[in-house]
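# Structural overview for review
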Amino acid sequence: MFRLDGKVALVTGGSRGIGRACCEALAEQGATVIVNYVRGEDKAREVVGAIERSGGKADLAGFDVADTPAVEAAFQSLLEKHGRLDVLVANAGIAVDGLLLRLKDDDLTRLFDTNVRGALTCARLATKAMMKPRTGRVIFVSSVVGEMGNVGQTAYAATKAALIGAARSIAREFASRNITVNVVAPGYIDTDMTSGMNDAMRAKLLELIPLGRTGRAREVGTACAFLASDEAAYITGQTLRVNGGMYV
Ligand code: NAP
């Protein structure tokens, strides 16, 4: 099931957390995985090493998704080296929390540059590469808060909601080329991004999750591997929620 042999997949922000889990899940299914990072080269090398030790294939690509010329250069060199791109997981993202009244212009710019503009630049270049072969998978990593909202996360939630609107549009634009575009919307997953929660915050959060626990990065990676597979060929423009029932 869900074999990805012969496919080439790029995971942005693949060096840690959910991105790392996506890289590992895709590689286990047979894909050659290109692990993107921006600052964490050591961590990204660790991911490549772990995949190779398990018999999989992986490569590194360091670039800032918000730096369009750097993204363009990276796509050009990965296409020259690997000859194709079948799967993009646009996962790279940052969180900047704060109430609307305290929102700083710089934070808004940084969030939208990375989470929205970065994801769309990657999607633009990926779909361009997928058009001629008439096959491809684009998966955006959004968030439960993009759909349900959260106090103190207005700007972050806005970036994550934007990805859902974008995916629905791109899905329509590229359906005739057999390229599917979907969203995975994780709930609260244990990664560096959520490690700042204290015990009281955590207890309050758990009350909101019917399954009674936070999620594992692996559980998001598996959802991405499914959407990347041939078995998901008839799914496009959808949002797959991996949130323990927090938002249904
Ligand atoms: P994380 O542990 O903080 O990892 C973030 C990843 O994104 C790292 O690999 C980082 O690379 C990369 N990154 C950040 N800015 C980048 C940029 N400008 N260019 C390229 N790569 C960049 O985060 P995570 O929890 O795994 O989250 C991954 C995605 O899932 C994010 O989009 C996040 O919004 C979303 N999400 C997370 C949760 C959660 O509960 N954790 C819930 C819903 C949605 P470096 O290692 O090089 O810094």
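Residues numbered from 1 in each chain as written. Predicted model: local features only at pLDDT ≥ 70, side-chain atom pairs only at ≥ 80, totals over all residues. Heavy atoms only, no water.

Below, the discussion takes up the site of the ligand. Neighbouring the ligand are 32 residues; S15, G40, N91, Y156 and T191 lie closest to it. In this structure, V65 approaches the ligand through a main-chain N or O atom, which is 3.0 Å from a nitrogen atom. Between T191 and the ligand, the recorded distance is 2.5 Å, taken from a side-chain N or O atom to an oxygen atom. If the ligand stood free it would expose 900 Å²; the protein chains cover 96% of that surface. Sorting the residues of the shell around the ligand by element identifies α1 (17-28), β2 (32-37) and α6 (154-174) as the ones contributing at least two each. When grouped by side-chain class, the residues that make up the shell around the ligand number 13 nonpolar, 14 polar and 5 charged. (Near = heavy atom within 4 Å. Polar contact = N/O pair within 3.5 Å; in protein donor to acceptor, adjacent residues only side chain to side chain. Areas by Shrake-Rupley, 256 points an atom, 1.4 Å probe, with all protein chains shown as cover. Helix = DSSP H or I, 4+ residues; strand = E, 2+ residues; numbered from the N terminus. Nonpolar A, V, L, I, M, F, W, Y, C, P; charged D, E, K, R; others polar.)

We now examine the pattern of salt bridges. Within this structure, the stated rule accounts for 16 salt bridges. Between R117 and D113 there is a salt bridge, with its nearest N and O atoms 3.3 Å apart. Pair noted here: R117 and D113 are both in helix α4 (residues 105-131), with a separation of 4 residues, about one helical turn. With a shortest N-O distance of 2.7 Å, E147 and R241 are connected by a salt bridge. Of this pair, E147 sits in helix α5 (residues 144-148) while R241 is found in strand β7 (residues 239-242), placing the two residues 94 residues apart along the sequence. Overall, E147 belongs to the partly exposed group, its relative accessible area being 22%. Within this structure, R20, E24 and E46 form a network of salt bridges that share partners. (Salt bridge = Lys/Arg side-chain N within 4 Å of Asp/Glu carboxyl O. Buried < 20%, exposed > 50% of the residue type's maximum accessible area, 1.4 Å probe, protein only.)

With that settled, consider the side chain of T121. Positionally, T121 belongs in helix α4. Ignoring sequence-local partners within four residues, the contact set of T121 consists of T68 and V71. (Contact = heavy atoms within 4.5 Å.)

So, on to the packing of α1 against helix α2 (residues 41-53). Between two packed helices, both the angle of their axes relative to each other and the distance between the axes serve to describe the pair. In contact at an axis separation of 10 Å, α1 and α2 are set at 20° when each is read in the N-to-C sense. Our classification of the angle between α1 and α2 gives roughly parallel. As for how α1 packs across α2, the hand of that crossing is right-handed. Residues R20, C23, E24 and A27 of α1 form the contact with α2, whose own contacting residues are E46, V47, A50 and I51. Classifying every residue of the contact of α1 with α2 gives 5 nonpolar, no polar and 3 charged. (Axes fitted to C-alpha atoms, helices over the stretch in contact; angles between N-to-C directions. Parallel < 35°, antiparallel > 145°, perpendicular 65-115°, else oblique. Left-handed = near helix turned anticlockwise from the far one by under 90°.)

What follows deals with the nonpolar core. L26, V33, V89 and V184 are the most contacted members of the largest nonpolar core, which totals 34 residues. Where this core is concerned, the elements lending two or more residues are β1 (8-11), α1, β2, α2, β4 (87-90), β5 (136-141) and α8 (217-228). In this structure, V184 is in contact with I139, F140, V141, S142, V220, A223, C224, L227, L240 and V242, ignoring residues within four places of it in sequence. Counting residues in hydrophobic clusters, the runner-up holds 32 residues, among them V65, L78, V138 and A167. (Core = buried A, V, L, I, M, F, W, Y, C linked by side-chain atoms within 4.5 Å.)

Remember, this is a structural readout, not a statement about activity or role.
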